[in-house]
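These are the residues of each chain, in order.
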Amino acid sequence: MTTEQAYFFTVALINLVLAFSGTRIKNPEGKQRSTFFFTVAITANCLSWFLYVFDIGVPLKIVSAILSTTFIWGMVVFSYRRCESPIPSVLIAFLFILNCFALGYFTYTTQPYNALHVSAIFVPLALFIMAYLFLNIKKPRNSSDVIMAYACGLMGIIVAARSLLLIIAPNIFTTTIIASQIIWPAFSVISGVFTLLSFTEDIQLKLQKESSTDQLTGLANRRSMDQALKQEWSRADRHQRCLSVVMLDIDFFKHYNDHYGHQAGDDCLKQVAQVLLKSGQRATDIAARYGGEEFLLILPDTDSVTAQHIAIKICTSIEALNISHQHSPFERVTVSAGIATLSKQNYKNIRELLLAVDAALYQAKNNGRNQALLASPC
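Because the structure is a prediction, the values reported are computed rather than measured. Sequence order sets the numbering: in each chain, residues are counted from 1 along the sequence as written. A pLDDT threshold of at least 70 governs which residues receive local features in this predicted model, and a stricter bar of 80 or more applies before side-chain atom pairs are shown or counted, although totals over entire chains, interfaces and linings include all residues. In computing side-chain properties, one takes all heavy atoms of the structure into account and sets aside hydrogens as well as water.

J.: Quick question: what am I supposed to make of the overall build of the chain here?
T.: Note on conventions: DSSP H or I runs of at least 4 residues are helices, E runs of at least 2 residues are strands, and numbering of each starts at the N terminus. Counting secondary structure elements, the chain contains 14 helices and 5 strands. With respect to the principal axes defined by its C-alpha atoms, the chain has extents near 90 × 45 × 35 Å. Type-normalised accessible area, obtained with a 1.4 Å probe on protein chains alone, sets the label of each residue: buried when under 20%, exposed when over 50%, and partly exposed for intermediate values. The buried share of the chain, taken over its 378 residues, is 44%. Throughout, a contact is declared for two residues whenever any of their heavy atoms are within 4.5 Å. If you take every contact in the chain between residues at least 6 apart in sequence, the share linking residues at least 24 apart comes to 70%.

J.: How should I be thinking about the sheet that holds strand β2 (residues 286-291) in this particular structure?
T.: The strands making up a sheet associate through backbone hydrogen bonding, with each pair oriented either parallel or antiparallel. Read from one edge of the open sheet, 5 strands run β2-β3-β1-β4-β5, paired in mixed fashion. The strands lining the two open edges of the sheet, one partner per strand, are β2 and β5 (372-374). The average undirected angle you get between the axes of adjacent strands in this sheet is 20°. Here strand β1 (residues 243-250) pairs with strand β3 (residues 294-300) via 7 bridges, running antiparallel. Within β3, the residue paired with Leu248 across the bridge is Phe295. Orientation is described by axes fitted as lines to C-alpha atoms, over the contacting stretch for helices, and by angles from 0 to 180 degrees between their N-to-C directions. Taken strand by strand, helix α13 (residues 304-320) contacts β1, β3, β4 (335-342) and β5, and its axis lies near 165° from that of β4. On the sheet, helix α14 (residues 350-366) packs against β1, β2, β3, β4 and β5 and is oriented at approximately 145° with respect to β4. The pairing criterion is simple: DSSP has to find at least two bridges between the two strands.

J.: So what exactly am I meant to see when it comes to the pattern of salt bridges here?
T.: Two side chains with opposite charge may pair up if their charged atoms get near one another. Any carboxyl oxygen of Asp or Glu that lies within 4 Å of a side-chain nitrogen of Lys or Arg is treated as forming a salt bridge with it. The tally for this structure, following the rule as stated, stands at 10 salt bridges. With a closest N to O distance of 3.2 Å, Asp202 and Lys138 form a salt bridge. One end of the pair, Asp202, is in helix α9 (residues 183-212); the other, Lys138, is in the loop between α5 (112-137) and α6 (143-168), with 64 residues separating them in the sequence. Each member of the pair, Asp202 together with Lys138, is buried. When the shortest N-O distance is used, the salt bridge between Asp226 and Arg222 registers 3.7 Å.

J.: Looking at this structure, how should I read the nonpolar core?
T.: For soluble globular proteins, nonpolar side chains are generally found buried alongside one another. By convention a nonpolar core is built from buried Ala, Val, Leu, Ile, Met, Phe, Trp, Tyr and Cys residues, the set being connected through side-chain atoms within 4.5 Å. Within the largest apolar cluster, 40 residues are counted, with the highest numbers of intra-cluster contacts made by Trp73 and Met75. Residue assignment for this core shows that the elements contributing at least two residues are α1 (3-23), α2 (35-51), α3 (58-82), α4 (89-108), α5, α6 and α9. A total of 11 residues in this core trace back to one element, the largest contributor, which is α5.

J.: Hey, could you run me through the packing of aromatic side chains in this one?
T.: Aromatic rings from Phe, Tyr and Trp, taking only the six-membered ring of Trp, are treated as a pair when their centres fall within 6.5 Å; an angle between ring planes under 30 degrees marks them as stacked, one over 60 as edge-to-face, and anything in between as tilted. With the rule as written, the count across this model stands at 13 aromatic pairs. Their ring planes at 85° and their centres at 5.9 Å tell us that Tyr7 and Trp49 sit as a pair that is edge-to-face. Placement of the pair is Tyr7 in helix α1 and Trp49 in helix α2, with a sequence separation of 42 residues. With a centroid separation of 5.8 Å and an interplanar angle of 85°, the aromatic rings of Trp184 and Phe187 are classed as edge-to-face. Of this pair, Trp184 and Phe187 both sit in helix α9, separated by 3 residues, roughly a single helical turn. By relative accessible area, which is 4% here, Phe187 ends up buried. Each residue in the set Tyr7, Phe8, Trp49 and Tyr52 is aromatic and connected to the rest through ring pairs, giving one cluster.

J.: Quick question: what am I supposed to make of the side chain of Thr35 here?
T.: As for its placement among the helices and strands, Thr35 is situated in helix α2. Sequence-distant contacts of Thr35, defined by excluding residues within four places in its chain, comprise Gly22, Ile25, Lys26, Asn27 and Phe199.

J.: What exactly am I supposed to notice about the pairing of β2 here?
T.: Regular strands show a simple pattern: their side chains alternate between the two faces of the sheet. Both β2 and β3 contribute to a ladder of 5 bridges, which runs antiparallel. Within β3, the position partnered with Gly291 by the bridge is Glu294. Linking β2 back to β3 in an antiparallel pair, the connection comprises 2 residues, with Gly292 at a positive phi of about 60°.

J.: What's the story with α6 in this structure? I'm lost.
T.: Owing to its 3.6 residues per turn, the α-helix brings residues three or four apart onto one side. By definition here, a helix of n residues has an expected span of 1.5 Å times n minus one. In this model, α6 (26 residues) spans 37 Å end to end at C-alpha, consistent with the 38 Å of a helix rising 1.5 Å per residue. All of the buried residues along α6 are Ser144, Asp145, Met148, Ala149, Ala151, Cys152, Gly153, Met155, Gly156, Val159, Ser163 and Leu166. Polar contacts, as used here, are pairs of N or O atoms within 3.5 Å; protein pairs need one atom able to donate a hydrogen and one able to accept it. Residues neighboring in sequence count only if both atoms are side-chain atoms. Measuring from the side-chain oxygen of the N-cap residue of α6 to the backbone nitrogen of Ser144 gives 3.1 Å; that N-cap residue is Asn142.

Here it is in C-alpha coordinates:
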(Lines give C-alpha, C1' and ligand atoms only; values in the text may rest on other atoms or scores of the structure.)
Protein backbone atom coordinates (compact mmCIF):
# COMPACT_ATOMS: atom_id res chain seq x y z
CA MET A 1 0.00 0.00 0.00
CA THR A 2 1.40 3.37 -1.00
CA THR A 3 1.54 6.38 1.29
CA GLU A 4 -1.35 7.97 -0.61
CA GLN A 5 -3.47 4.82 -0.31
CA ALA A 6 -2.69 4.62 3.39
CA TYR A 7 -3.86 8.22 3.73
CA PHE A 8 -7.19 7.50 2.02
CA PHE A 9 -7.67 4.34 4.08
CA THR A 10 -6.98 6.19 7.35
CA VAL A 11 -9.49 8.94 6.53
CA ALA A 12 -12.07 6.32 5.53
CA LEU A 13 -11.47 4.48 8.79
CA ILE A 14 -11.94 7.68 10.82
CA ASN A 15 -15.30 8.24 9.16
CA LEU A 16 -16.27 4.61 9.70
CA VAL A 17 -15.64 4.98 13.43
CA LEU A 18 -17.72 8.18 13.51
CA ALA A 19 -20.54 6.51 11.56
CA PHE A 20 -20.55 3.59 13.99
CA SER A 21 -20.57 6.02 16.92
CA GLY A 22 -23.62 7.68 15.38
CA THR A 23 -25.53 4.40 15.53
CA ARG A 24 -24.94 4.30 19.31
CA ILE A 25 -26.54 7.69 19.90
CA LYS A 26 -30.27 7.74 20.56
CA ASN A 27 -32.45 10.62 19.46
CA PRO A 28 -33.38 12.75 22.50
CA GLU A 29 -36.85 12.01 23.83
CA GLY A 30 -39.43 14.31 22.30
CA LYS A 31 -37.01 15.54 19.62
CA GLN A 32 -37.03 14.92 15.88
CA ARG A 33 -35.22 11.86 14.50
CA SER A 34 -31.83 13.12 13.34
CA THR A 35 -29.10 10.57 14.14
CA PHE A 36 -30.10 8.45 11.12
CA PHE A 37 -29.19 11.28 8.74
CA PHE A 38 -25.88 11.86 10.54
CA THR A 39 -24.96 8.19 10.21
CA VAL A 40 -25.93 8.09 6.51
CA ALA A 41 -23.92 11.25 5.77
CA ILE A 42 -20.78 10.03 7.56
CA THR A 43 -21.08 6.58 5.97
CA ALA A 44 -21.25 8.18 2.52
CA ASN A 45 -18.11 10.16 3.35
CA CYS A 46 -16.38 6.97 4.49
CA LEU A 47 -17.17 5.19 1.22
CA SER A 48 -16.10 8.24 -0.80
CA TRP A 49 -12.62 8.12 0.73
CA PHE A 50 -12.41 4.32 0.74
CA LEU A 51 -12.87 4.09 -3.04
CA TYR A 52 -9.58 5.95 -3.53
CA VAL A 53 -7.69 3.24 -1.68
CA PHE A 54 -7.91 1.34 -4.96
CA ASP A 55 -6.75 2.32 -8.42
CA ILE A 56 -10.13 3.45 -9.70
CA GLY A 57 -11.24 4.75 -13.08
CA VAL A 58 -13.49 7.62 -14.04
CA PRO A 59 -16.83 5.88 -13.27
CA LEU A 60 -15.87 5.18 -9.64
CA LYS A 61 -14.43 8.68 -9.31
CA ILE A 62 -17.86 9.99 -10.28
CA VAL A 63 -19.41 7.68 -7.65
CA SER A 64 -16.94 9.04 -5.09
CA ALA A 65 -17.88 12.62 -6.01
CA ILE A 66 -21.59 11.80 -5.56
CA LEU A 67 -20.88 10.18 -2.20
CA SER A 68 -18.94 13.23 -0.99
CA THR A 69 -21.84 15.42 -2.10
CA THR A 70 -24.20 13.13 -0.19
CA PHE A 71 -22.05 13.70 2.89
CA ILE A 72 -22.28 17.50 2.66
CA TRP A 73 -26.01 17.75 1.96
CA GLY A 74 -26.79 14.84 4.27
CA MET A 75 -25.21 16.86 7.07
CA VAL A 76 -27.39 19.80 6.05
CA VAL A 77 -30.51 17.64 6.37
CA PHE A 78 -29.20 16.34 9.71
CA SER A 79 -28.67 19.92 10.89
CA TYR A 80 -32.24 20.91 10.04
CA ARG A 81 -33.57 17.88 11.92
CA ARG A 82 -31.23 18.38 14.86
CA CYS A 83 -32.24 22.02 15.18
CA GLU A 84 -35.92 21.07 14.76
CA SER A 85 -36.38 23.40 11.82
CA PRO A 86 -38.61 22.61 8.80
CA ILE A 87 -36.54 21.13 5.98
CA PRO A 88 -36.80 22.92 2.59
CA SER A 89 -36.81 19.51 0.88
CA VAL A 90 -37.35 20.74 -2.69
CA LEU A 91 -34.55 23.31 -2.48
CA ILE A 92 -32.08 20.89 -0.89
CA ALA A 93 -32.92 18.17 -3.42
CA PHE A 94 -32.41 20.65 -6.26
CA LEU A 95 -29.04 21.83 -4.90
CA PHE A 96 -27.93 18.24 -4.26
CA ILE A 97 -28.78 17.10 -7.80
CA LEU A 98 -27.18 20.20 -9.34
CA ASN A 99 -24.06 19.69 -7.21
CA CYS A 100 -23.84 16.00 -8.21
CA PHE A 101 -24.34 16.77 -11.89
CA ALA A 102 -21.68 19.50 -11.97
CA LEU A 103 -19.11 17.44 -10.07
CA GLY A 104 -19.88 14.35 -12.12
CA TYR A 105 -19.52 16.24 -15.39
CA PHE A 106 -16.14 17.80 -14.54
CA THR A 107 -14.89 14.50 -13.16
CA TYR A 108 -15.98 12.71 -16.34
CA THR A 109 -14.27 15.31 -18.53
CA THR A 110 -11.16 15.26 -16.33
CA GLN A 111 -11.36 18.90 -15.23
CA PRO A 112 -10.37 18.71 -11.55
CA TYR A 113 -9.85 22.44 -11.18
CA ASN A 114 -13.37 23.19 -12.42
CA ALA A 115 -14.64 20.54 -10.00
CA LEU A 116 -12.82 22.48 -7.27
CA HIS A 117 -14.58 25.69 -8.31
CA VAL A 118 -17.94 23.89 -8.21
CA SER A 119 -17.20 22.71 -4.67
CA ALA A 120 -16.25 26.27 -3.75
CA ILE A 121 -19.83 27.30 -4.55
CA PHE A 122 -21.88 24.46 -3.10
CA VAL A 123 -19.80 23.38 -0.09
CA PRO A 124 -19.57 26.83 1.59
CA LEU A 125 -23.30 27.31 0.96
CA ALA A 126 -24.08 24.03 2.74
CA LEU A 127 -21.65 24.75 5.56
CA PHE A 128 -22.95 28.27 6.16
CA ILE A 129 -26.49 26.88 6.34
CA MET A 130 -25.34 24.42 9.00
CA ALA A 131 -23.52 27.16 10.92
CA TYR A 132 -26.60 29.38 10.88
CA LEU A 133 -28.87 26.57 12.12
CA PHE A 134 -26.65 25.66 15.06
CA LEU A 135 -25.97 29.27 16.05
CA ASN A 136 -29.41 30.80 15.62
CA ILE A 137 -32.09 28.10 15.46
CA LYS A 138 -31.17 25.28 17.83
CA LYS A 139 -32.63 25.67 21.31
CA PRO A 140 -31.10 25.07 23.74
CA ARG A 141 -27.68 25.59 22.23
CA ASN A 142 -24.66 24.06 23.96
CA SER A 143 -20.91 24.67 23.61
CA SER A 144 -20.43 21.77 21.16
CA ASP A 145 -23.08 23.31 18.88
CA VAL A 146 -21.14 26.58 18.88
CA ILE A 147 -17.85 24.84 18.05
CA MET A 148 -19.59 22.87 15.30
CA ALA A 149 -21.03 26.08 13.85
CA TYR A 150 -17.69 27.90 13.83
CA ALA A 151 -15.97 24.85 12.35
CA CYS A 152 -18.49 24.86 9.50
CA GLY A 153 -18.02 28.58 8.93
CA LEU A 154 -14.22 28.29 8.94
CA MET A 155 -14.30 25.30 6.60
CA GLY A 156 -16.58 27.16 4.22
CA ILE A 157 -14.14 30.08 4.11
CA ILE A 158 -11.19 27.74 3.50
CA VAL A 159 -12.91 25.93 0.63
CA ALA A 160 -13.84 29.22 -1.04
CA ALA A 161 -10.33 30.63 -0.44
CA ARG A 162 -8.66 27.60 -2.09
CA SER A 163 -10.71 28.15 -5.23
CA LEU A 164 -9.85 31.84 -5.23
CA LEU A 165 -6.17 31.01 -4.67
CA LEU A 166 -6.20 28.74 -7.72
CA ILE A 167 -7.36 31.69 -9.84
CA ILE A 168 -5.15 34.49 -8.52
CA ALA A 169 -2.03 32.54 -7.47
CA PRO A 170 -1.77 29.12 -9.16
CA ASN A 171 1.84 28.65 -8.03
CA ILE A 172 0.98 29.12 -4.38
CA PHE A 173 -2.02 26.82 -4.77
CA THR A 174 0.21 24.07 -6.18
CA THR A 175 2.65 24.28 -3.28
CA THR A 176 -0.16 24.04 -0.71
CA ILE A 177 -1.93 20.97 -2.15
CA ILE A 178 -0.25 18.55 0.26
CA ALA A 179 -0.96 20.76 3.28
CA SER A 180 -4.59 21.15 2.19
CA GLN A 181 -5.09 17.38 2.31
CA ILE A 182 -5.41 17.63 6.07
CA ILE A 183 -8.44 19.97 5.80
CA TRP A 184 -11.18 17.46 5.05
CA PRO A 185 -10.03 14.78 7.52
CA ALA A 186 -9.79 17.46 10.21
CA PHE A 187 -13.27 18.73 9.39
CA SER A 188 -14.67 15.17 9.42
CA VAL A 189 -13.24 14.62 12.90
CA ILE A 190 -14.35 17.99 14.26
CA SER A 191 -17.88 17.82 12.82
CA GLY A 192 -18.32 14.20 13.86
CA VAL A 193 -16.91 14.47 17.37
CA PHE A 194 -18.64 17.71 18.32
CA THR A 195 -21.92 16.56 16.81
CA LEU A 196 -21.81 13.49 19.05
CA LEU A 197 -20.70 15.59 22.04
CA SER A 198 -23.68 17.88 21.42
CA PHE A 199 -26.04 14.97 22.11
CA THR A 200 -24.12 14.16 25.29
CA GLU A 201 -24.29 17.77 26.47
CA ASP A 202 -28.03 17.90 25.79
CA ILE A 203 -28.52 14.80 27.94
CA GLN A 204 -26.40 16.27 30.73
CA LEU A 205 -28.37 19.52 30.56
CA LYS A 206 -31.63 17.58 30.75
CA LEU A 207 -30.45 15.59 33.77
CA GLN A 208 -29.25 18.77 35.47
CA LYS A 209 -32.59 20.44 34.84
CA GLU A 210 -34.52 17.42 36.10
CA SER A 211 -32.42 17.33 39.28
CA SER A 212 -33.30 20.95 40.05
CA THR A 213 -36.90 21.05 38.81
CA ASP A 214 -40.14 19.89 40.35
CA GLN A 215 -41.45 17.32 37.88
CA LEU A 216 -45.13 18.18 38.33
CA THR A 217 -45.08 21.97 38.13
CA GLY A 218 -41.84 22.73 36.27
CA LEU A 219 -40.81 25.14 39.04
CA ALA A 220 -37.55 24.93 40.94
CA ASN A 221 -37.63 22.12 43.49
CA ARG A 222 -36.84 22.43 47.20
CA ARG A 223 -33.15 21.56 46.76
CA SER A 224 -32.70 24.12 44.01
CA MET A 225 -34.66 26.69 46.01
CA ASP A 226 -32.43 26.25 49.08
CA GLN A 227 -29.30 26.76 46.96
CA ALA A 228 -30.72 29.83 45.22
CA LEU A 229 -31.86 31.36 48.51
CA LYS A 230 -28.40 30.92 50.03
CA GLN A 231 -26.76 32.53 47.01
CA GLU A 232 -29.16 35.48 46.92
CA TRP A 233 -28.91 35.96 50.70
CA SER A 234 -25.10 36.13 50.46
CA ARG A 235 -25.27 38.55 47.55
CA ALA A 236 -27.83 40.80 49.26
CA ASP A 237 -25.89 40.75 52.55
CA ARG A 238 -22.56 41.47 50.83
CA HIS A 239 -23.82 44.38 48.73
CA GLN A 240 -26.39 45.68 51.23
CA ARG A 241 -29.30 45.15 48.85
CA CYS A 242 -32.92 44.15 49.37
CA LEU A 243 -34.08 40.55 49.07
CA SER A 244 -37.79 39.78 49.17
CA VAL A 245 -39.41 36.39 49.65
CA VAL A 246 -43.06 35.59 48.98
CA MET A 247 -44.63 32.41 50.34
CA LEU A 248 -47.94 31.35 48.82
CA ASP A 249 -50.43 28.67 49.80
CA ILE A 250 -53.49 27.49 47.86
CA ASP A 251 -56.55 28.12 50.01
CA PHE A 252 -58.49 25.03 51.14
CA PHE A 253 -56.47 22.80 48.84
CA LYS A 254 -57.06 19.66 50.92
CA HIS A 255 -60.81 20.12 50.45
CA TYR A 256 -60.22 20.64 46.72
CA ASN A 257 -58.25 17.40 46.47
CA ASP A 258 -60.83 15.44 48.45
CA HIS A 259 -63.73 16.71 46.34
CA TYR A 260 -62.27 16.83 42.83
CA GLY A 261 -59.61 14.10 43.08
CA HIS A 262 -55.83 14.10 42.96
CA GLN A 263 -55.63 14.40 39.18
CA ALA A 264 -57.64 17.60 39.30
CA GLY A 265 -55.43 18.70 42.21
CA ASP A 266 -52.32 18.15 40.10
CA ASP A 267 -53.86 20.14 37.24
CA CYS A 268 -54.64 22.94 39.67
CA LEU A 269 -51.04 23.00 40.92
CA LYS A 270 -49.79 23.19 37.34
CA GLN A 271 -52.03 26.16 36.52
CA VAL A 272 -50.97 28.02 39.65
CA ALA A 273 -47.33 27.29 38.81
CA GLN A 274 -47.76 28.82 35.36
CA VAL A 275 -49.01 32.04 36.94
CA LEU A 276 -45.96 32.10 39.22
CA LEU A 277 -43.60 31.52 36.30
CA LYS A 278 -45.07 34.50 34.50
CA SER A 279 -44.99 36.70 37.61
CA GLY A 280 -41.22 37.14 37.62
CA GLN A 281 -40.22 40.57 36.37
CA ARG A 282 -36.56 39.65 35.81
CA ALA A 283 -34.51 36.62 34.91
CA THR A 284 -33.09 36.52 38.45
CA ASP A 285 -36.54 36.01 40.02
CA ILE A 286 -37.07 32.39 41.05
CA ALA A 287 -40.35 30.53 41.54
CA ALA A 288 -40.13 27.28 43.50
CA ARG A 289 -42.41 24.62 44.88
CA TYR A 290 -41.86 24.77 48.62
CA GLY A 291 -43.86 21.64 49.37
CA GLY A 292 -47.35 20.29 48.73
CA GLU A 293 -49.52 23.26 47.78
CA GLU A 294 -47.01 25.85 49.05
CA PHE A 295 -44.81 27.92 46.75
CA LEU A 296 -41.98 30.38 47.24
CA LEU A 297 -40.86 33.37 45.18
CA ILE A 298 -37.31 34.64 45.58
CA LEU A 299 -37.06 38.25 44.41
CA PRO A 300 -33.51 39.71 44.49
CA ASP A 301 -33.12 43.51 44.56
CA THR A 302 -36.83 43.90 45.31
CA ASP A 303 -38.15 46.10 48.10
CA SER A 304 -41.19 45.27 50.23
CA VAL A 305 -43.58 47.56 48.33
CA THR A 306 -42.73 46.01 44.96
CA ALA A 307 -42.84 42.50 46.42
CA GLN A 308 -46.30 43.10 47.87
CA HIS A 309 -47.47 44.48 44.55
CA ILE A 310 -46.24 41.30 42.81
CA ALA A 311 -47.92 39.09 45.43
CA ILE A 312 -51.25 40.92 45.13
CA LYS A 313 -51.08 40.62 41.34
CA ILE A 314 -50.49 36.87 41.67
CA CYS A 315 -53.49 36.49 43.99
CA THR A 316 -55.66 38.38 41.51
CA SER A 317 -54.37 36.40 38.52
CA ILE A 318 -54.99 33.04 40.18
CA GLU A 319 -58.51 34.03 41.18
CA ALA A 320 -59.05 35.14 37.57
CA LEU A 321 -58.28 31.60 36.39
CA ASN A 322 -61.79 30.88 37.69
CA ILE A 323 -61.00 27.30 38.71
CA SER A 324 -64.19 26.09 40.40
CA HIS A 325 -63.86 25.22 44.11
CA GLN A 326 -67.15 24.38 45.80
CA HIS A 327 -65.55 24.01 49.23
CA SER A 328 -64.15 27.54 49.27
CA PRO A 329 -66.12 30.63 50.33
CA PHE A 330 -64.81 32.28 47.15
CA GLU A 331 -66.23 29.40 45.04
CA ARG A 332 -63.00 29.33 43.07
CA VAL A 333 -59.33 28.54 43.69
CA THR A 334 -57.46 31.34 45.46
CA VAL A 335 -54.12 31.75 47.21
CA SER A 336 -52.89 33.50 50.31
CA ALA A 337 -49.44 35.07 50.43
CA GLY A 338 -46.95 36.27 53.02
CA ILE A 339 -44.09 38.64 52.18
CA ALA A 340 -40.86 39.37 54.02
CA THR A 341 -37.98 41.57 52.90
CA LEU A 342 -34.36 41.57 53.97
CA SER A 343 -33.31 45.21 54.28
CA LYS A 344 -30.56 46.82 56.32
CA GLN A 345 -29.82 43.48 58.01
CA ASN A 346 -33.23 43.33 59.69
CA TYR A 347 -32.95 39.51 59.69
CA LYS A 348 -29.92 37.70 61.04
CA ASN A 349 -30.17 34.65 58.80
CA ILE A 350 -32.30 32.81 56.24
CA ARG A 351 -34.16 30.95 58.95
CA GLU A 352 -35.43 34.20 60.48
CA LEU A 353 -36.48 35.45 57.04
CA LEU A 354 -38.46 32.26 56.34
CA LEU A 355 -40.05 32.33 59.79
CA ALA A 356 -41.17 35.92 59.14
CA VAL A 357 -42.67 35.12 55.74
CA ASP A 358 -44.37 32.03 57.17
CA ALA A 359 -45.86 34.11 59.97
CA ALA A 360 -47.13 36.67 57.44
CA LEU A 361 -48.75 33.86 55.43
CA TYR A 362 -50.36 32.48 58.59
CA GLN A 363 -51.75 35.92 59.39
CA ALA A 364 -53.10 36.31 55.82
CA LYS A 365 -55.01 33.05 56.28
CA ASN A 366 -56.39 34.19 59.63
CA ASN A 367 -57.50 37.47 58.04
CA GLY A 368 -59.77 35.67 55.58
CA ARG A 369 -57.37 34.29 52.92
CA ASN A 370 -57.13 35.34 49.26
CA GLN A 371 -54.80 38.21 50.17
CA ALA A 372 -51.11 39.13 50.44
CA LEU A 373 -49.79 40.34 53.77
CA LEU A 374 -46.42 41.93 54.48
CA ALA A 375 -44.49 40.71 57.54
CA SER A 376 -44.26 43.17 60.41
CA PRO A 377 -40.93 45.07 60.47
CA CYS A 378 -38.31 43.69 62.88
